Every structure is written in structure tokens, then in C-alpha cells.
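So you can see what is in the structure, the chains are spelled out below.
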Amino acid sequence: FSIMRECTVQSAMVDAVHKNSMHTKPARLDSIFLRGLKFHGYHGVLPEENVLGQKFVIDLDLSVDLRSAGRSDDLQDTVSYAEVWSRVRDIVEGPPRQLLEAVAESIAEDILSTYPQVHDVKVRVHKPHVAIPGVIDTLGVEIWRERTGS
């Protein structure tokens, strides 16, 4: 009886996992990545940053199922890197924001709202020239956002 009960419980758990997995993204997706996108923007809390501007470096990871594009060799079946680059440029070179967090959030929201095939996105915003006392190569923020309600 104990073995039979254990098998029934395990079977119910497997059924529940299978049922839920049909409505969620796969455990592992392919990735489109863009590294080292460099733009001149006017973001920051100091007045000089909003007037003089500075370089910002963006890294992106987009989780996308790339099987269709791999089989068809058709740009329509994937996300255009050039289009993503252009959209990110418009945000970074656009209206100033005080916080890097706001820049990253705007990029993530734009990608998820523009490309329905993107399941989630990781955005890293580097600020290589920062006004702090001390030596530093770069600092920044990294956020990860996933599609909700789909």
C-alpha cells in the first residue's frame, strides 16, 4: 500500500508539472545577444552630466526560440539585431534620465513590448566614466525582465 500510494503521488506531481509546463516557456531558450553597444547620452543626477553627456555601454541578452529562423534562414523568423540596436540607441541618446535603472527599464520595456517572440531580456547599462573619487573601470546596473501575462 505504501509503494502504491507513493507511485500515485509521484504520478500526480508529474502530471501537474507537465500541465503547468504547457503554459510556460521552455526551461532553456536560445539567446540573441548584443555586447558593447556604445552611445552618447545625457543621463545622471549631476547637472554636468545632463549638459555635457557621456558614453554609455549597453549589453543585452534576449531569450528567443530561434528554431524557425535556423530552419528557414529568413529574417522575418527572428529578431533583427540592427532594429534592436536602433531602438536602444533612441532610448540612450533620447531624453535624459537621472538613474541608470530608468534607462535599463526603458530598454527592457521597449524590447518586450516590441518583440512578442522575446520571452525575457537582460539589460546591462555600463557607465565607464563616473564622477566618484577613486579608480574604476566601469559601473552600472543589470536588470532581468520577463514577459508577464502571456
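In what follows, the structure referred to is the one given above.
First things first, this report covers the structure right here in the doc. Just so we're clear, the structure is a prediction, and the values are computed from it rather than from any experiment.

Each value, and the rule that gives it
Residues numbered from 1 in each chain as written. Predicted model: local features only at pLDDT ≥ 70, side-chain atom pairs only at ≥ 80, totals over all residues. Heavy atoms only, no water. Pairing = 2+ DSSP bridges. Helix = DSSP H or I, 4+ residues; strand = E, 2+ residues; numbered from the N terminus. Axes fitted to C-alpha atoms, helices over the stretch in contact; angles between N-to-C directions. Phe/Tyr/Trp six-rings, centres within 6.5 Å; stacked < 30°, edge-to-face > 60°. Buried < 20%, exposed > 50% of the residue type's maximum accessible area, 1.4 Å probe, protein only.

The subject of this paragraph is the sheet that holds strand β2 (residues 54-64). In sheet architecture, strand pairing relies on hydrogen bonds along the backbone and comes in two forms, parallel and antiparallel. The strand order across the open sheet formed by four strands is β1-β2-β3-β4, and the pairing between neighbours is antiparallel. Because the sheet does not close on itself, it has two edges, and the strands there are β1 (30-41) and β4 (139-146). Within this sheet the neighbouring strands show an average axis-to-axis angle of 15°, counted without direction. Sheet analysis places β1 next to β2, joined by 10 bridges and oriented antiparallel. Pairing of D30 across the sheet is with V64, part of β2.

Considering all chains together, one arrives at one aromatic pair under this definition. Measuring from ring centre to ring centre gives 5.4 Å for F39 and W85, while their planes differ by 50°; the resulting arrangement is tilted. Remark: W85 occurs in helix α4 (residues 81-92) and F39 occurs in strand β1; sequence separation between them is 46 residues. On the basis of relative accessibility, which here comes to 36%, the residue W85 falls in the partly exposed class.

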